[in-house]
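The primary structure of each chain is shown beneath.
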Amino acid sequence: MADSESINRQLDAAVSSPAELIDTMTPQIHANLKEAVALRRWPDGSRLSTEQLENAMQLIILYEHAKLPPDQHTGQKLTSSCSSSSDAAEPLTVKMDTDEQPDKGTENPGS
């Protein structure tokens, strides 16, 4: 896994446009950025600054828009392979009555 210095060197390379920067990104850089954003830390353990976090998130979005199909973009809704069935358990409903008297079995025997 690359360290933050290596990633920063790659990202700091002179580029003339955001499109050129995205074109130079590899899938590994994309994966490293996603992990860094998720953990809020670079692979070497140092914390991302607010600016680094914002920039990394923007790069992830731009990269995915340019290079990945829409169903692989970060933030896409997850679909469930499970479907509802009539065998599903009913939700448990708990009713509490504050005026209820304690059961006879729970009363103090000395009273």
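Basis of the calculations
- Along each chain, residue indices are assigned from 1 in the same order as the chain's sequence is written.
- In keeping with the model being predicted, local features are shown solely for residues with a pLDDT of at least 70 and side-chain atom pairs are shown and tallied solely at 80 or more, while totals for entire chains, interfaces and linings include all residues.
- Only heavy atoms go into the side-chain values, all of them from the structure, while hydrogens and water stay out.
- Secondary structure elements follow DSSP: runs of H or I no shorter than four residues count as helices, runs of E no shorter than two count as strands, and numbering proceeds from the N terminus.
- Per-residue accessibility, obtained with a 1.4 Å probe over protein chains only, is compared with the maximum for each type, and a residue is labelled buried under 20%, exposed over 50%, and partly exposed between these values.
- Contacts are residue-level and defined by heavy atoms, with any inter-residue pair within 4.5 Å sufficient.
- Surface accessibility in these figures is a Shrake-Rupley result with a 1.4 Å probe; residues are shielded only by whichever protein chains are displayed.
- Buried Ala, Val, Leu, Ile, Met, Phe, Trp, Tyr and Cys residues form a nonpolar core when they are joined through side-chain atoms within 4.5 Å.
- Working rule for helices: expected span equals 1.5 Å times residues minus one.
- Relevant arc is that of directions from the helix axis to the C-beta atoms, nothing else.
- The axes used here are C-alpha line fits, helices contributing only the stretch in contact, and every angle between their N-to-C directions lies in the interval 0 to 180 degrees.
- Put simply, angles under 35 degrees are roughly parallel, angles over 145 are roughly antiparallel, angles from 65 to 115 are roughly perpendicular, and the rest are oblique.
- The sense of a crossing depends on the near helix, which, turned anticlockwise from the far helix by less than a right angle, makes the crossing left-handed and, turned clockwise, makes it right-handed.
- Each residue gets one of three labels, nonpolar for Ala, Val, Leu, Ile, Met, Phe, Trp, Tyr, Cys and Pro, charged for Asp, Glu, Lys and Arg, and polar for the others, Gly among them.
- You can read pLDDT as the predictor saying how much it trusts each residue, on a scale of 0 to 100.

Tallying secondary structure elements over the protein chain gives four helices and zero strands in all. When the 111 residues of the protein chain are sorted by exposure, 20% land in the buried category. In the protein chain, the proportion of contacts linking residues at least 24 apart, taken out of those at least 6 apart, comes to 56%. Roughly 9200 Å² of accessible area belongs to the protein chain as shown, and the carbon and sulfur atoms make up 52% of that amount.

With that settled, the discussion passes to the nonpolar core. Ranked by internal contacts, the top residues of the largest apolar core, which has 14 residues, are Ile22, Met25, Leu33, Val37, Trp42, Leu48 and Leu59. Contributions of two or more residues to this core are made by helix 2 (18-24), helix 3 (27-39) and helix 4 (50-67). A total of five residues in this core trace back to one element, the largest contributor, which is helix 4. In this view, isoleucine 22 contacts Leu59, Leu62, Tyr63, Ala66 and Lys67; residues no more than four positions away in its chain are not counted.

Below, the discussion takes up unusual backbone geometry. One non-glycine residue with positive phi stands out, namely arginine 40, at about 60 degrees. Counting through the fold element by element, arginine 40 comes out in the loop between helix 3 and helix 4. Residue classification places arginine 40 among the partly exposed residues on the basis of a relative accessible area of 39%.

Glancing now at helix 3. Between the first and last C-alpha of helix 3 there are 18 Å, a value that for 13 residues agrees with the 18 Å anticipated at 1.5 Å per step. Listed as buried for helix 3 are Ile29, His30, Asn32, Leu33, Ala36 and Val37. Around the axis of helix 3, the buried residues are gathered within 165 degrees of arc, so they sit on the same side. Along helix 3, exposed side chains directed more than 90 degrees from the buried face belong to Pro27, Ala38 and Leu39.

Below, the discussion takes up the side chain of histidine 30. When you line up the elements, histidine 30 lands in helix 3. Residue histidine 30 is classed as buried on the basis of its relative accessible area, which comes to 8%. Leave out the neighbours within four places in its chain, and histidine 30 touches Met25, Ile60, Tyr63, Glu64 and Leu68.

Take the packing of helix 3 against helix 4 next. Two elements in contact, helix 3 and helix 4, have axes separated by 10 Å at closest approach and are oriented at 135 degrees. In terms of orientation, helix 3 lies oblique with respect to helix 4. Here helix 3 runs over helix 4; the crossing is left-handed. For the pair formed by helix 3 and helix 4, the contact residues are Pro27, His30, Leu33, Lys34 and Val37 on the first element and Leu53, Ala56, Met57, Leu59, Ile60, Tyr63 and Glu64 on the second. In the contact of helix 3 with helix 4, the residues fall into nine nonpolar, one polar and two charged.

We now examine the confidence of the model for the protein chain. Low pLDDT marks regions whose predicted coordinates should not be analysed in detail. Confidence along the protein chain averages 76 in pLDDT terms, with 53% of residues attaining 70 or more. Of all the helices and strands in the protein chain, helix 1 (residues 4-12) carries the lowest mean pLDDT, 65, while helix 3 carries the highest, 93.

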